[in-house]
Amino acid sequence: MENLTNGIERLSKMIEQEKAFNEKVFHKAKLLLRLYRDVIWRVEETICDMDEEAFDFGGRRIAQLMDFLSCEFEGDMDKRTFEKRLTSIDETRVLIDIVDKALVKLKNYPDLGETYFDIVTKKFINRNRHTDEALMEIIDIGNTMYYRRKKEAINLMGIILW
């Protein structure tokens, strides 16, 4: 019975530590969230540019790029540069997937998960960024509570990611 009590106490401490505010994790998560929308935009632009290059080379779709990479490039197209861009896009896509999965976990967090998800996605993720004032109105909470929830949401996002 004592082992069970000790195990429960340790588990309780671990849960409390996980929920505790972590300044370093908070700032890393906030920085990542601020960059996320711009990264998505840049990846989309790069993919469009590469699609145009592939079309100029004779292809019609990005999916055909693998065939193009096995061919010799002519003129201005440098095969190595093209491969590096593809690799960079793939690495970025993996990081985007990690953030997207973390958002799902944030949304499924007990009690306030939906609120946290709404704050993070509408403030940092969606193409059209909402102001804090607009979010307070959408979520229908006061100033103080909104900033508290925003801080909790970013902190929890950081905990999920790191």
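Not measured: the values here are computed from a predicted model.

Calculation criteria
The residue numbering used here restarts from 1 in each chain and proceeds along that chain's sequence as written. With pLDDT at 70 or above as the cut-off, local features in this predicted model cover only qualifying residues; side-chain atom pairs require 80 or more to be listed or tallied, and sums for whole chains, interfaces and linings still use all residues. Only hydrogens and water are set aside; all other atoms, that is, all heavy atoms of the structure, feed into the side-chain values. Comment: axis = line fitted to C-alpha atoms, over the contacting stretch for helices; angle = value between 0 and 180 degrees taken between N-to-C directions. What counts as a helix is a DSSP run of H or I of at least four residues, what counts as a strand is a run of E of at least two, and both are numbered from the N terminus. What sets the label is the angle itself: under 35 degrees gives roughly parallel, over 145 gives roughly antiparallel, 65 to 115 gives roughly perpendicular, and the rest give oblique. The contact criterion used is simple: two residues touch if any of their non-hydrogen atoms lie within 4.5 Å. Asp, Glu, Lys and Arg are counted as charged, while Ala, Val, Leu, Ile, Met, Phe, Trp, Tyr, Cys and Pro are counted as nonpolar; the rest, among them Gly, fall into the polar class. A 1.4 Å probe that fits into a set of points on a 1 Å grid over the protein atoms alone but cannot get out defines a cavity; an open set with protein on both sides within 12 Å along at least five of seven lines defines a pocket, and lining residues are those with an atom within 4 Å of a point. Grid points are joined across faces, edges and corners, and a volume is the space filled by probe spheres set on the points. Residues forming no salt bridge and having over 30% relative accessible area are the ones grouped into patches, like charges within 9 Å of each other and nonpolar side chains (Val, Leu, Ile, Met, Phe, Trp, Tyr) within 5 Å. In short, Shrake-Rupley with a 1.4 Å probe defines the accessible areas, and a residue's cover is counted only from the protein chains shown. Basic side-chain nitrogens of Lys or Arg form a salt bridge, by our definition, when they fall within 4 Å of a carboxyl oxygen of Asp or Glu. With a 1.4 Å probe rolled over the protein chains alone, any residue whose accessible area is under 20% of its type maximum counts as buried; one over 50% counts as exposed, and the rest are partly exposed. A residue's pLDDT is simply how confident the predictor is in it, with values from 0 to 100. Geometry of aromatic contacts follows a simple scheme: Phe, Tyr and Trp rings, the Trp one being its six-membered ring, pair when their centres are within 6.5 Å, and the pair is stacked under 30 degrees between planes, edge-to-face over 60, tilted otherwise. Criterion for a charge above a ring: Arg CZ or Lys NZ at most 6 Å from the ring centre, at most 35 degrees from the ring normal.

**Q** Pulling in residues and values, what's your account of the packing of helix α5 (residues 113–125) against helix α7 (residues 143–161)?
**A** Contact pair α5 / α7: the axes reach a minimum separation of 9 Å and the direction vectors enclose 85°. As far as their axial angle goes, α7 and α5 are roughly perpendicular. Here Tyr 116, Ile 119, Val 120, Lys 123 and Phe 124 of α5 lie close against α7, whose contacting residues are Tyr 146, Arg 149, Lys 150, Glu 152, Ala 153, Ile 154 and Leu 156. Partitioned by chemical class, the residues of the contact of α5 with α7 number 8 nonpolar, no polar and 4 charged.

**Q** Hey, could you go over the layout of surface pockets for me, with residue numbers and the actual values?
**A** By volume, the largest pocket amounts to about 210 Å³. For the largest pocket, the full set of lining residues is Leu 32, Leu 35, Tyr 36, Val 39, Thr 92, Leu 95, Ile 96, Ile 98, Val 99, Leu 161 and Trp 162. Of all the secondary structure elements, the ones that give two or more residues to the lining of the largest pocket are α2 (23–57) and α4 (79–107). When residues of the lining of the largest pocket are assigned to their parent elements, the largest contribution, 5 residues, is made by α4. The residue makeup of the lining of the largest pocket, split by class, is 10 nonpolar, 1 polar and no charged.

**Q** Would you mind going over a nonpolar patch on the surface in detail, with residue names and values included?
**A** A cluster of nonpolar residues, Leu 31, Leu 35 and Val 39, forms a patch on the protein surface that exposes about 250 Å² of accessible area. Structurally, Leu 31 can be placed in helix α2. You can call Leu 31 exposed: its relative accessible area is 53%.

**Q** Which residues make up the confidence of the model for the chain, and what values go with them?
**A** When pLDDT is averaged along the chain, the result is 77, and 67% of the positions lie at 70 or above. Within the chain, helix α6 (residues 132–139) carries the highest mean pLDDT (94), whereas helix α3 (residues 65–69) carries the lowest (56).

**Q** Quick one: what's the story with the packing of α6 against α7, residue by residue and with numbers?
**A** Think of two packed helices as two axes; the pair is described by the angle between the axes and how far apart they sit. Contact pair α6 / α7: the axes reach a minimum separation of 10 Å and the direction vectors enclose 100°. By the angle between their directions, the pair α6 and α7 is classed as roughly perpendicular. Contact residues: α6 offers Asp 132, Glu 133, Leu 135 and Met 136, while α7 offers Asn 143, Tyr 146, Tyr 147 and Lys 150.

**Q** Residue-level account of the packing of aromatic side chains, with values.
**A** With the rule as written, the count across this model stands at 2 aromatic pairs. An angle of 35° between the planes, with centres 6.3 Å apart, marks the rings of Tyr 109 and Tyr 116 as tilted. With a centroid separation of 5.1 Å and an interplanar angle of 75°, the aromatic rings of Tyr 146 and Tyr 147 are classed as edge-to-face. Taking relative accessible area as the criterion, Tyr 147 reaches 35% and is therefore assigned partly exposed. Of note, Lys 107 hangs over the ring of Phe 117, and the distance from its end group to the ring centre comes to 4.8 Å.

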